[in-house]
Structure formats: C-alpha cells, structure tokens
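# What the coordinates show
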Amino acid sequence: MEHIGQRVWAIPEGYIPGASTGPESMASHETACLLNTGDEDAHVEITLFFPDREPAGPYRVTVPARRTLHQRFNELDPEGSVPVDSDYASVLVSDVPIVVQHTRLDSRQAANALLSTVAYAAR
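Before going into details, it helps to say that this report is about the structure given with it.

What counts and how
- Residues numbered from 1 in each chain as written.
- Predicted model: local features only at pLDDT ≥ 70, side-chain atom pairs only at ≥ 80, totals over all residues.
- Heavy atoms only, no water.
- Helix = DSSP H or I, 4+ residues; strand = E, 2+ residues; numbered from the N terminus.
- Polar contact = N/O pair within 3.5 Å; in protein donor to acceptor, adjacent residues only side chain to side chain.
- Contact = heavy atoms within 4.5 Å.

Relative to the helices and strands, Asn36 is located in strand S2 (residues 29-36). Polar contacts involving the side chain of Asn36 include one to the main-chain carbonyl oxygen of Val63, which spans 3.1 Å. Beyond its immediate sequence surroundings of up to four residues, Asn36 is in contact with His3, Asp41, Ala42, Val63, Pro64, Ala65, Arg66, Arg67, Pro97 and Ile98.

Here it is as structure tokens:
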C-alpha cells in the first residue's frame, strides 16, 4: 500500500492534566496516534513548544511500516520535559507521509473525559 498522509503535522493545543483518578492505566495523558500505511518505516521527530521557555526535543520515534504507534507525550522524556498542568504545542516531522491524530484522556474526575481530533497537516 502506498503512504497516505503528510510529512509535517502540528498539534497546537496540548495540556496534560496533573491529577488522575483510578488505576495507572487510566492516568491523565495526551497521545499522538501515528499511522504509517506505507512499506517503509517512518522516522518521526516530535518537538514541543511552550509559552514561557525554549522548545524541547526533538524526541525521536519510529513507526514501523504498515503499523500504528500510540505515543503518549507523558512518556517522551523520563526527565520530565513534558510538564503537567502546563500549555504546550507540538510539531511532528516524518521522513515519509503519515497520519496523526491527537487524543487526551482527562481522568481528574471519576467521570473521565476523552478528546480526540486529527492534527493539522502542513502541505
């Protein structure tokens, strides 16, 4: 199958809630859902932008050919460069076309909220 999608994507709205309820698997988080439909692995760089400091990254992830990867922003950097309770945005650059969807799970309350939208594809 041929690659579908674009090489550059932007998610201008980012926010990881600082609290959660329930089990660890239901911790509040944000995820970039990456789809690679082509026959080549996608090498993706993720750079984060903040309102009050210099960008972080790029963080590098690989999406194997004909696969999907759900990359939690919370797990990009064990050093904590992705702060909770803080606004941020992200730009994803891939060496082959991919499709990117942004999802947030907000589990601060017992009634969880899930938000999902396709990222902005740059041409």
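Now that the structure has been shown, we can carry on.
Attention shifts here to the environment of Leu34. If you trace the backbone, Leu34 turns up in strand S2. Residues Leu34 and His102, spaced 68 residues apart in sequence, show a C-alpha to C-alpha distance of 8.9 Å. Not counting residues up to four positions away in its chain, the partners in contact with Leu34 are Val61, Val63, Arg67, Thr68, Leu69, Leu92, Ile98, Val99 and Val100.

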